[in-house]
Amino acid sequence: MHLNKVLTILLFCNSFSSALSQHKDTLATKYVSKKWSKEIRNIIDFDNLFVKKTGEKIDKVTFFKMKKKLGDAVIEEKLNYNGEVIKYLAVFGTSSKFSIADTNNKPKVGELYPNIGFTTIDNKKNKLRDLKGKIVILRFELDTEKFRIMKDELSLLNTAINKFGKNNFKTFVIFSFSSSKEILKSYFATKENFEFVEKAVRLATKLKINRTPTTLVIDKSGKLVNYYKRIEDIDLKKILESSSK
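Predicted, not measured: the structure shown is a model, and the values here were computed from it.

S.K.: Please give an account of helix H7 (residues 236–243) that cites residues and values.
M.R.: For H7, the set of buried residues is Leu236, Ile239, Leu240 and Ser243. With its buried residues spanning 100° around the axis, H7 presents them on a single face.

S.K.: Report on the sheet that holds strand S12 (residues 224–228), specifying residues and quantitative values.
M.R.: On the basis of which strands lie adjacent, the open sheet formed by five strands has the order S10-S9-S8-S11-S12 and mixed pairing. Each having just a single partner strand, strand S10 (194–197) and S12 make up the two edges of the open sheet. Across the sheet, the mean angle from the axis of one strand to that of its neighbour is 20°, orientation sign disregarded. With five bridges connecting them, strand S8 (residues 135–141) and strand S11 (residues 214–218) associate as antiparallel partners. Each bridged residue has a counterpart across the sheet, and for phenylalanine 140 the counterpart in S11 is threonine 214. Relative to the sheet, helix H4 (residues 151–163) contacts S8, strand S9 (169–175) and S10, its axis offset from that of S8 by approximately 170°. Of the strands in this sheet, S8, S9, S11 and S12 touch H7, which is tilted by about 140° from S8.

Analysis parameters
- Residues numbered from 1 in each chain as written.
- Predicted model: local features only at pLDDT ≥ 70, side-chain atom pairs only at ≥ 80, totals over all residues.
- Heavy atoms only, no water.
- Buried < 20%, exposed > 50% of the residue type's maximum accessible area, 1.4 Å probe, protein only.
- Helix = DSSP H or I, 4+ residues; strand = E, 2+ residues; numbered from the N terminus.
- Arc of directions from axis to C-beta.
- Pairing = 2+ DSSP bridges.
- Axes fitted to C-alpha atoms, helices over the stretch in contact; angles between N-to-C directions.
- Contact = heavy atoms within 4.5 Å.

Rendered as C-alpha cells:
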C-alpha cells in the first residue's frame with residue numbers, strides 16, 4: 001500500500017486554504033496553504049496533468065479554460081512512497097473550504113522514522129537509514145524570509161552542536177518553497193553544521209508537517225525522539241547520552 005500513497009496540493013488562483021483530510025482509500029490527502037504565484041505554478045508539471053473524473057490528459061491552456069468555466073480547481077499530486085510524483089489530477093468545481101488538518105498516520109515518537117530520501121542543494125543524496133549512528137536533526141522551514149527571522153534560534157542550535165561534538169550530528173534545514181539561490185543568500189548558508197534542501201513541500205506534506213518551523217530529532221537507532229516547536233526545548237546532551245546507552 002505504501003506505493004499507492006496519495007498526497008495532494010490544493011492550488012487556487014486567488015488563495016489557498018490549508019487542511020488535511022482522509023482519502024476514501026484511507027490514503028493521506030494534504031492541502032498546502034500558499035497564495036498562487038509563479039513559484040507554485042512551477043511545482044506543477046502540466047505535461048503530466050489529468051482530469052481526475054474522466055482520466056483525460058489536458059495541457060495548461062485547457063486546465064485554465066476548464067477552471068474558468070467550472071470554478072475553483074484542486075490539483076491532486078499523486079506520489080509514490082519515495083515522494084516522487086506519479087501524476088497530477090485536476091478536480092474542478094471544488095469548494096475552497098476544508099477542515100482542519102488530520103494528523104492520522106503521522107510518524108509517532110519512539111517509533112522508527114520512515115526511510116525518507118532527499119538531496120541537498122550541493123547535490124548530496126541522503127537516505128535516513130544510511131545516517132544511523134548519527135543524531136539526525138530535521139528543521140522544516142516555509143521559506144528563507146521566515147528563516148531569516150529565526151536566525152537567533154538557529155544560532156543556539158549551531159552552538160549546541162559544536163558543544164556536544166559535531167561528528168555526532170547531521171542537521172538538515174528543509175525549505176518548502178525556497179530555491180537554492182534564495183537559500184544561498186540567507187543568513188545561515190555558510191554555517192558549517194547545516195545542510196540545506198530546497199523546494200521540499202512534497203516531503204513536508206508526506207511527513208505531515210503542519211506548521212513551520214518544526215524541528216524533528218531522530219536518535220542514532222533511527223527512532224523519532226520528538227517534534228519541537230522551539231529549539232530551546234531540545235536537550236541535545238540528554239538525547240546524546242540516551243542514544244549512547
